[in-house]
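# Remarks on the overall topology
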Amino acid sequence: MAVNPDPGVMLYPRIRKSPFFYASRQHVVALYSVYNHTYHPRHYGDPLAEYWALLQGVTLWDVGVERQIEISGPDAFDFTNLLVTRDLSKCKVGQCKYVFLCDQHGGILNDPILLRLEENRFWLSLADSDILLWARGVAAYAGMDVSIEEIDVGPVQVQGPKSYAVLRDLVGEAVADIRYYYLHEFTIDGIEVIVSRTGYTGEIGYEIYVKNASHDAERLWAKVLEAGEPHGLRVIGPCHMRRIEGGMLAHGADITVDTNPFEVGMGYDWMVDLDQEADFLGKAALAKVKAEGPRRMLVGLEIGGERLGTYNDGSMIDHFPVMHDGEVVGKVTSACFSPRLEKNIGLALVPAGLSALGTEFTVDVGERPGARLPSTVPPVAATVVPKPFIDPAKEQPKADVGALAGEAAAGG
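Computed from a predicted structure; not experimentally measured. (Residues numbered from 1 in each chain as written. Predicted model: local features only at pLDDT ≥ 70, side-chain atom pairs only at ≥ 80, totals over all residues. Heavy atoms only, no water.)

## Structural notes on the overall build of the protein
Quick reminder of the rule: Strands here mean DSSP runs of E at least two residues long; helices mean DSSP runs of H or I at least four residues long; both are numbered from the N terminus. The globule rule used for comparison is 2.2 Å times the number of residues to the exponent 0.38, while the radius of gyration itself is calculated over C-alpha atoms. When checking whether two residues touch, look at their non-hydrogen atoms; a contact exists if any pair is within 4.5 Å. Per-residue accessibility takes into account occlusion by the displayed protein chains alone, with areas from the Shrake-Rupley method and a 1.4 Å probe.
Each helix and strand in the protein was counted, giving nine helices and 21 strands. The globule rule puts the C-alpha radius of gyration for 412 residues at 22 Å, and the 21 Å found for the protein is close to it. Within the protein, residue pairs in contact and separated by at least 24 positions form 68% of the contacts whose partners lie at least 6 positions apart. Here the protein has roughly 18,100 Å² of accessible surface; of this, 51% comes from carbon and sulfur atoms.

## Overview of the nonpolar core
Note the cut-off: By nonpolar core we mean a set of buried residues, namely Ala, Val, Leu, Ile, Met, Phe, Trp, Tyr and Cys, connected to one another through side-chain atoms within 4.5 Å. Each residue is assigned to one of three classes by its accessible area relative to the maximum for its type, calculated with a 1.4 Å probe on protein chains only: buried under 20%, partly exposed between the two thresholds, exposed over 50%. Domain segmentation is taken from an automatic or database assignment of domains.
Counting 45 residues, the largest nonpolar core has Tyr98, Phe100, Leu115, Trp123, Leu249 and Val264 as its most contacted members. Residue-level mapping places this core at the junction of two domains, with at least three residues from each of domain 1 (11–294) and domain 2 (295–390). Leaving out residues up to four positions away in the same chain, leucine 115 has contacts with Gln95, Cys96, Arg121, Phe122, Trp123, Ser125, Leu183, Ile194 and Tyr209. Counting residues in each nonpolar core, the second largest holds 37 residues, with Phe20, Ile188, Val210 and Val401 among its members.

## Some details on the packing of helix α5 (residues 163–171) against helix α6 (residues 213–228)
Which entries qualify depends on this criterion: Axes here mean lines fitted to C-alpha atoms, for a helix over just the part in contact, with angles spanning 0 to 180 degrees between N-to-C directions. In this scheme the crossing of two helices becomes right-handed for a clockwise turn of the near helix relative to the far one and left-handed for an anticlockwise turn of less than a right angle.
At a closest axis distance of 9 Å, the pairing of α5 and α6 adopts a crossing angle of 120°. The element α5 and its partner α6 pack so that their crossing is right-handed. Along the contact surface, α5 presents Val166, Asp169 and Leu170, while α6 presents Lys223, Val224, Ala227 and Gly228.

## Structural notes on the UniProt feature "binding site: substrate" (unreviewed entry) in the protein
Put simply, the rule reads: UniProt positions are given in the numbering used here, feature names are shortened, and annotations may be inferred rather than shown by experiment.
Here, the residues flagged by UniProt with the feature "binding site: substrate" (unreviewed entry) are Glu207. When you line up the elements, glutamate 207 lands in strand β14 (residues 205–211). On the accessibility criterion, glutamate 207 (3% relative accessible area) is buried. Setting aside chain neighbours within four positions, we find glutamate 207 in contact with Val63, Glu66, Val156, Gln157, Ile194, Val195, Ser196, Thr198 and Gly199.

## Comments concerning the sheet that holds strand β18 (residues 327–338)
As a reminder, the rule being used: In this scheme, strands are said to pair when DSSP sees at least two bridges between them.
Reading around the barrel, the six strands line up as β16-β19-β18-β17-β20-β21 and close back on themselves, with antiparallel pairing between neighbours. Across the sheet, the axes of successive neighbouring strands diverge by a mean angle of 40°, strand direction being ignored.

## A short note on empty space enclosed by the protein
Short version of the rule: Method remark: on a 1 Å grid restricted to protein atoms, a set of points is classed as a cavity if a 1.4 Å probe fits but cannot get out and as a pocket if it is open with protein on both sides within 12 Å along at least five of seven lines; lining residues have an atom within 4 Å of a point. Grid points are joined across faces, edges and corners, and a volume is the space filled by probe spheres set on the points. Lys, Arg, Asp and Glu make up the charged group, whereas Ala, Val, Leu, Ile, Met, Phe, Trp, Tyr, Cys and Pro make up the nonpolar group; the residues left over, Gly among them, are polar.
Applying the stated rule across the entire model yields one cavity of 30 Å³ or more. If you add up the space inside the largest cavity, you get close to 40 Å³. Taken together, Gly202, Arg242, Gly246, Met248, Pro388, Ile390, Asp391 and Lys394 make up the full set of residues lining the largest cavity. Grouping the amino acids of the lining of the largest cavity by side-chain chemistry returns three nonpolar, two polar and three charged.

## Some points on the domain arrangement of the protein
Convention followed: In this description, buried area is defined as the sum, over both parts, of the accessible area (probe of 1.4 Å) that is lost when the two are combined. Any carboxyl oxygen of Asp or Glu that lies within 4 Å of a side-chain nitrogen of Lys or Arg is treated as forming a salt bridge with it.
When cut into domains, the protein gives domain 1 (11–294) and domain 2 (295–390). Centre-to-centre, using C-alpha coordinates, domain 1 lies 28 Å away from domain 2. Listed as interface residues are 29 residues of domain 1 and, on the opposing side, 24 residues of domain 2. Between domain 1 and domain 2, roughly 2,000 Å² of surface is buried when both sides are summed, and carbon and sulfur atoms account for 61% of that area. Linking domain 1 with domain 2 are two salt bridges, by the criterion used here.

Put into structure tokens, the structure is as follows:
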């Protein structure tokens, strides 16, 4: 029986539209996915061209699917500090943090970007899982004076080496003062926005959070296009090839409620602060995982065989089975062909005892028995390698935009 490999997504009233839905749709979206119960442009026809546009120029993404939860009120700091695994006393007003929200067992519920706007006012820019009701449920039993609301704010990302030039033309020279993982408020032709130096690419980039998004999102989109035109700005979807190269995690793929921060390699340093005096959800469970050691580890793999494509392409298996000595021992959670490395790479959850660099596996990139398509591709060899695969110190996104300002002034 023939199977359509790309059936598309039906527009349906129960699935929400981002505030930029109609603006981004004008650029001829080739494929949608659904993220946070919201339509998300996956790509515009050529993911490889979008990859190179990101690396060499400047790109605009509709990321209005990143729903914004605002936590405010007299006890907002203590409550938010209860939700996340990091010590927010180390987060200044005007600063952003990548954070984990865990359940009582240490499972990762979400990995949002946190923005601290005031002493007792925070935004959580959510990944793909429901948190609003979870946070309200926790608040119902926490005995703290907080307000938890999904607010009318929509973000877009402007990413790539020329992103500073676009933002400078859009909001002025003050954008050069925004440090990595900090934010600043601006007004663009009457549109109130917050600009942060963050992004999901491992490249220099910014996120623009539009306040009153239901009214101003499409006008902001037009302003970004106008500012980007002299710099060759291209509208793209989420570039999974680049985020896999950078070892960036995707909730629902690499991390879920069934994984904990130590398993994904982010528990031993800055992402889980077990030494802080304050309690947080999952603290006791994570302390136990640290003491005993995780059972599994997320590793980087180089994967043989034919090119996989842009993101687990060529198969209807969501997670490629990983085998050792003929037995399935784990799964590839994200994989792609890296154009720069010219090899297949991926992230995989495997037993901790098999996570050492150089460990060899085989990976089933074909179809499992009983799937809708027969198995046609034999397992391929794979080897554990260091991750991130490219720019492990994150030097690229932290680059000095002052140097870029000089290049732009000189016509570079």
